[in-house]
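# Residue-level structure breakdown
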Amino acid sequence: MADNRDRIDKLRGYAVLDDFERFSAVNDVFSRSWWDDTIKTPGSERFYATYRRPLTQWRKANGFTQRDYALRNAAWHVSDVFTEMHEPERRDGFLDPLSMLRDGPEDVLAPESPEVGAAETKRIAKLFGADMVGITAFDERWVYTERFSADTGKAKANDLPEGLTSVIVIGQAMDADLIQTAPSALSGTATGLGYSQDAAVLLGIAQYINNLGYVAVPSMNDTALAIPLAIEAGLGEYARNGLVITAEHGARVRFGKIFTNMPLAHDKPKRLGVREFCEQCDRCAQACPARAIPHNGPTPVALNRSSLVGVKKWSVDGEACFGYWTKINSDCAICVRVCPWTRDYTKAWNRLWGRLAATPLRGLMLKLDDRLGGGKRLKPKAWWADARGSASSAT
Ligand code: SF4
Ligand code: SF4
């Protein structure tokens, strides 16, 4: 008899199987670049050095000049301040949650109801600068079994307070024009800005919750997997490129989360029709220079120790992807740039495209996007020329 348990969940775009194993942050490819000699290479050390130290030799290539790195690293700076504040014991936002400075009161100010609490929290998240916000139940499956300590090069406990019930997931849209220049150090500016904004927004919301007397743990890449939480919180649908595609910004979003015990109503996953679209499209797989994105359908196969075990899904090869990043000395967002869903939804035509792409007209919408040159790279020099043009017209 056929076993239906591994059927892809229509709402979520993946299936959790019986042999599911929770993930350890020690096996995250970025953690491995600290301790695993197959990932920790002269290339990976140079890659990190470009974020931290003035380079003595700047590449001349378009998008990788001193000016491009100057901007990228400035965009990361606020995030870096938080990350490096408690080194070597902690790396806030990447290996450990963001540190809160002030304790909340002993008295708890409860929301009128979980629904009111959720509505207020979402309003406040937007006020503090979140582009998207959704709330889901605390689900231990997505919490790392252990953290990685860069200090010792070993695992450490993933301590979380008892009694957490909800996760507030926020999304920050990355700058569309910068992403269009991927791959380049210039496009890494969008990533850095996303993290820097994330840190400020997450800390603000967490402190508000804390000031009401509840527990709040603000988290960026640390503590738990963001993608399943973002999907559960109704922010988007899982895609072939291993990212969440949102109705508002496509795949051009970074996610952060806050774990809390405040009573909050939960959102539900939403269907956008991304899965059916990805079944007809493999533009990201074709464009990936590292061949890290699968051309075939979702599988339960774990590609390497950085893969999730026991989940049937489109799995991106994190080792191959990170290997490419170390070659170009910056993060790569080609799979975000080329995705037809990555478009400016403030424009009426793009909103219409998104609505039709979610219907049986998806094949036509894909062809139309191909015809119109969707996903084309913007030359970094053109981005800088545009920046200079705006400056001269303003004077
Ligand atoms: S970020 Fe670049 S290398 Fe990594 S999966 Fe996407 S396209 Fe491939
Ligand atoms: S490029 Fe195509 S296949 Fe890849 S995530 Fe986007 S829609 Fe899916």
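Residues numbered from 1 in each chain as written. Chains lettered and ligands numbered in written order. Predicted model: local features only at pLDDT ≥ 70, side-chain atom pairs only at ≥ 80, totals over all residues. Heavy atoms only, no water.

So, on to the overall build of the protein chain. Across its full length, the protein chain holds 14 helices and 10 strands. The C-alpha radius of gyration of the protein chain comes to 21 Å, within 12% of the 21 Å expected for a compact globule of 395 residues. Residues counted as buried form 51% of the 395 residues belonging to the protein chain. The long-range fraction of contacts in the protein chain, counting pairs at least 24 apart against all pairs at least 6 apart in sequence, stands at 76%. (Helix = DSSP H or I, 4+ residues; strand = E, 2+ residues; numbered from the N terminus. Rg over C-alpha atoms; globule rule 2.2 N^0.38 Å. Buried < 20%, exposed > 50% of the residue type's maximum accessible area, 1.4 Å probe, protein only. Contact = heavy atoms within 4.5 Å.)

Grouped together as the largest cluster of nonpolar side chains are 53 residues, with contacts concentrated most on Val169, Phe255 and Trp341. Top contributing element to this core by residue count: helix H7 (residues 226-232), with four residues. In this view, Phe255 contacts Val169, Ile170, Gly171, Asp198, Met220, Ala226, Ala230, Leu235, Val244 and Thr246; residues no more than four positions away in its chain are not counted. Formed by 44 residues, the second largest nonpolar core is a distinct cluster that contains Ala130, Ile170, Leu264 and Ile328. (Core = buried A, V, L, I, M, F, W, Y, C linked by side-chain atoms within 4.5 Å.)

Next up on the list: the site of ligand 1. In the region of ligand 1, the neighbouring residues are Cys288, Ala290, Ile293, Val316, Cys321, Tyr324, Trp325, Cys332, Ile334 and Cys335. Contributions of two or more residues to the shell around ligand 1 are made by helix H10 (318-328) and helix H11 (334-337). Considering only residue class, the shell around ligand 1 consists of 10 nonpolar, no polar and no charged. (Near = heavy atom within 4 Å. Nonpolar A, V, L, I, M, F, W, Y, C, P; charged D, E, K, R; others polar.)

It is worth spelling out the site of ligand 2 at this point. Every residue near ligand 2 is listed here: Ala239, Arg240, Asn241, Phe277, Cys278, Cys281, Asp282, Arg283, Cys284, Cys339, Pro340 and Trp341. For the shell around ligand 2, the secondary-structure elements that each account for two or more residues are helix H8 (274-280) and helix H9 (283-287).

What follows deals with helix H13 (residues 362-371). For H13, the full list of buried residues reads Arg362, Gly363, Met365, Leu366 and Asp369. For H13, the angular spread of the buried residues around the axis is 165 degrees, confining them to a single face. Of the exposed residues in H13, the ones pointing more than 90 degrees away from its buried face are Leu364, Lys367 and Arg371. In this structure, the buried residues of H13 make contact with H8, H9 and helix H12 (348-357). Trailing H13 by a residue or two, Gly373 shows a phi angle of about 75 degrees, which is positive. (Arc of directions from axis to C-beta.)

Let's shift gears to the packing of aromatic side chains. A full pass over the atoms with the stated rule returns 21 aromatic pairs. Pairing Phe47 with Tyr48 gives two aromatic rings, centres 5.1 Å apart and planes at 70 degrees, and the pair type is edge-to-face. Taken together, a centroid distance of 5.5 Å and an interplanar angle of 85 degrees make the contact between Trp341 and Trp353 edge-to-face. Pair noted here: Trp341 is in the loop between H11 and H12 and Trp353 is in helix H12, with a separation of 12 residues, a long-range link. By relative accessible area, Trp341 is classed as buried at 3%. Above the face of the Tyr51 ring, Arg72 is positioned so that its terminal group lies 3.5 Å from the ring centre. (Phe/Tyr/Trp six-rings, centres within 6.5 Å; stacked < 30°, edge-to-face > 60°. Lys NZ or Arg CZ within 6 Å of the ring centre and 35° of its normal.)

The subject of this paragraph is the pairing of strand S6 (residues 216-219). On a regular strand, each side chain points to the face opposite its neighbour's, so the side chains alternate between the two faces of the sheet. Residues of S6 alternate between two faces, with Ala216 and Pro218 on one and Val217 and Ser219 on the opposite face, all of them buried. In this structure, S6 lies alongside strand S9 (residues 253-260), joined through four bridges in antiparallel fashion. Bridging across to S9, Val217 finds its partner in Phe259. (Pairing = 2+ DSSP bridges.)

On to a positive patch on the surface. On the surface, Lys376, Arg377, Lys379 and Lys381 cluster together into a patch of positive charge. Mapped onto the secondary structure, Arg377 falls in the loop between H13 and helix H14 (380-394). For Arg377, a relative accessible area of 32% corresponds to the partly exposed category. (Patch = residues over 30% accessible without salt bridge, like charges linked within 9 Å, V, L, I, M, F, W, Y side chains within 5 Å. Areas by Shrake-Rupley, 256 points an atom, 1.4 Å probe, with all protein chains shown as cover. Salt bridge = Lys/Arg side-chain N within 4 Å of Asp/Glu carboxyl O. Lys, Arg positive; Asp, Glu negative; His and termini not counted. Charge placed at Lys NZ, Arg CZ, Asp CG, Glu CD.)

Turning to the pattern of salt bridges, a few remarks are in order. Evaluated as defined, the whole model comprises 20 salt bridges. The salt bridge partner of Glu276 is Arg275, with a shortest N-O separation of 4.0 Å. Since its relative accessible area comes to 17%, Glu276 is described here as buried. With a relative accessible area of 13%, Arg275 lands in the buried category. One salt-bridge network, held together by shared partners, links Glu237, Arg271, Arg275, Glu276 and Glu279.

As a further point, take the side chain of Asp139. Mapped onto the elements of the fold, Asp139 is located in the loop between strand S2 (132-137) and strand S3 (146-149). A polar side-chain atom of Asp139 sits 2.8 Å from a polar atom in the side chain of Arg141. (Polar contact = N/O pair within 3.5 Å; in protein donor to acceptor, adjacent residues only side chain to side chain.)

For Leu160, the location among the structural elements is in the loop between strand S4 (154-157) and strand S5 (166-173). Given the relative accessible area of 21%, Leu160 is considered partly exposed. Residues Leu160 and Phe259, spaced 99 residues apart in sequence, show a C-alpha to C-alpha distance of 8.8 Å.

What follows concerns H10. Looking only at H10, the buried set comprises Phe322, Tyr324, Trp325, Thr326 and Ile328. Turning to H10, the residues buried within the fold contact helix H1 (29-35), helix H2 (42-52), helix H3 (66-84) and H11. By the N-cap criterion, in which a side-chain oxygen at the helix start approaches the backbone nitrogen of a residue two or three places on, H10 is capped by Asp317, the distance to Glu319 being 3.0 Å.

Moving on, we come to the environment of Ile227. On the secondary structure map, Ile227 appears in helix H7. Residue Ile227 is classed as partly exposed on the basis of its relative accessible area, which comes to 26%. With residues near it in sequence (within four places) discarded, Ile227 still touches Tyr238, Gly242, Leu243 and Val244.

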